[in-house]
Amino acid sequence: MAGAAVTFSVQARRLAEERDRTAHERDTAQQVSAFLTSIFEVANPDGGDGGSVTARELLDRGAERIDVELAGQPVVQARLLGTMGSVFGGLGLYDRAASLLERSLQLRRATLGMDHVDTAQAMAALADAYRELARYDEAETLNRDALAIKRRRADTPSSIAASMNDLGLTLCERGRPADGEPLLRDAIDTWKRVDGEAAPIVAVGLNNLALSLRQQGRLAEAVPVLQEAIAIRRQRFGNDHPLLASALGHLGQVENLRGNLADAEPLLREALAIRRRAYGDDHPDTASFVALLDDVNQLAEASPGFVWRHGIDSRNVDDPPPYRDSPVLRGPSRLDVSYDAILPG
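Here's a quick rundown of the structure.

So, how was this worked out
Residues numbered from 1 in each chain as written. Predicted model: local features only at pLDDT ≥ 70, side-chain atom pairs only at ≥ 80, totals over all residues. Heavy atoms only, no water. Helix = DSSP H or I, 4+ residues; strand = E, 2+ residues; numbered from the N terminus. Areas by Shrake-Rupley, 256 points an atom, 1.4 Å probe, with all protein chains shown as cover. Buried < 20%, exposed > 50% of the residue type's maximum accessible area, 1.4 Å probe, protein only. Lys, Arg positive; Asp, Glu negative; His and termini not counted. Salt bridge = Lys/Arg side-chain N within 4 Å of Asp/Glu carboxyl O. Polar contact = N/O pair within 3.5 Å; in protein donor to acceptor, adjacent residues only side chain to side chain. Contact = heavy atoms within 4.5 Å. Expected span 1.5 Å × (residues − 1). Core = buried A, V, L, I, M, F, W, Y, C linked by side-chain atoms within 4.5 Å.

### With respect to the overall build of the protein
For the protein, the count of helices and strands is 13 helices and 2 strands. Put simply, the protein shows about 17900 Å² of open surface, and 52% of that area lies on carbon and sulfur atoms.

Given below as structure tokens:
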């Protein structure tokens, strides 16, 4: 009888703890949502802003408000710093992203401890920023620590796969693609099993696996991997999503390296158009596609039988239309006309 009473008491305590955690998480989510909403409530008729502000300015103001308005709420601060750090990273502002994500991780460690899954997630986010800044030693350490924590804490298979993917990508970026490949393949296999063959996350793994194969010089193997990623992203996101641009640009780069210039150019052009619409000309990813397309066009110009023509024209290269000046564009800019090249047979 006494044993049954003890068991009941333990179960009741666990249920109460779980209820408290759920309520705390709900309250935290509500505070985060309210704070993020308030950041963008500016320039309204009753506000005192008096003029337009950029998204960057709004985010900077919001980051400054976190310490003041949420003092004494480290869990909420950590969540917000992590969210805003990821937003800055999405804008290509990786130094700013890293500074916010470092603070988020510090708060996670202080409030949750070193061996918590949420701490591991904060490590992964910071590692992403460090990778973009070429701080590969720090990124790899964080990736390995995050993966180890998730495995010890028996996190979900999909989450563990995400950390395998992150570590595999970091190894590729620092010049060890053969070491990264098995991690990337394991991540893809897990995602396909758990999330489905055409899940968006599968395309992430495929794109990264293609990077490993490309770096190892296995270009022909990378092509079908990227084609699968492109098919998934077209199906799930449509034809105007930045993630589609990433896969298209990657395949264009691979085809360029294989010497298939006529295949590479339209892929890079589509990727660049998507990136420009999404991010504008000043984003680092847009600039990278401009550079890739420029490289391809320079190679094409040096090819025997090269002929410039308008990208909208579909006639045979042997009968190109005459070029007419546009009122906006004077002369055939590499970014605004297409080409066909007759390569030696």
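### Looking at the side chain of arginine 214
With respect to the secondary-structure elements, arginine 214 resides in helix α9 (residues 200–215). Although arginine 214 is buried, it forms no salt bridge, and the closest oppositely charged side chain is glutamate 173 at an N-O distance of 7.0 Å. A distance of 3.2 Å separates polar atoms of two side chains, one belonging to arginine 214 and the other to histidine 250. Beyond its immediate stretch of four places on either side in the chain, arginine 214 contacts Leu219, His250, Gln253, Val254 and Leu257.

### As for helix α7 (residues 157–173)
With 17 residues, α7 should reach 24 Å at 1.5 Å per residue; the first-to-last C-alpha distance of 24 Å fits that figure. Most of α7 sits inside the fold, with 13 of its 17 residues counted as buried. Remark: glycine 175 follows α7 within two positions and exhibits a positive phi of approximately 90°.

### Examining the nonpolar core
Counting residues in each nonpolar core, the largest one holds 34 residues, and the members touching the most others are Val202, Leu206 and Leu248. With 8 residues, helix α10 (residues 219–237) is the single largest residue contributor to this core. In this structure, valine 202 is in contact with Ile188, Trp191, Lys192, Gly196, Glu197 and Ile232, ignoring residues within four places of it in sequence. Met123, Ala127, Leu142 and Ile149 belong to the second largest nonpolar core, which has 14 residues in total.

### With respect to helix α12 (residues 261–279)
Between its first and last C-alpha, α12 extends 26 Å over 19 residues, near the 27 Å set by a 1.5 Å rise per residue. Among the residues making up α12, those that are buried are Leu261, Ala264, Glu265, Leu267, Leu268, Ala271, Leu272, Ile274 and Arg275. A positive backbone phi angle near 85° is found at glycine 280, which sits one or two residues after α12.

### Focus on the environment of leucine 91
Locating leucine 91 in the fold gives a position in the loop between α3 (74–90) and α4 (94–112). In the structure, leucine 91 is positioned 35 residues away from arginine 56 in sequence and 8.8 Å away in space, judged by C-alpha atoms.

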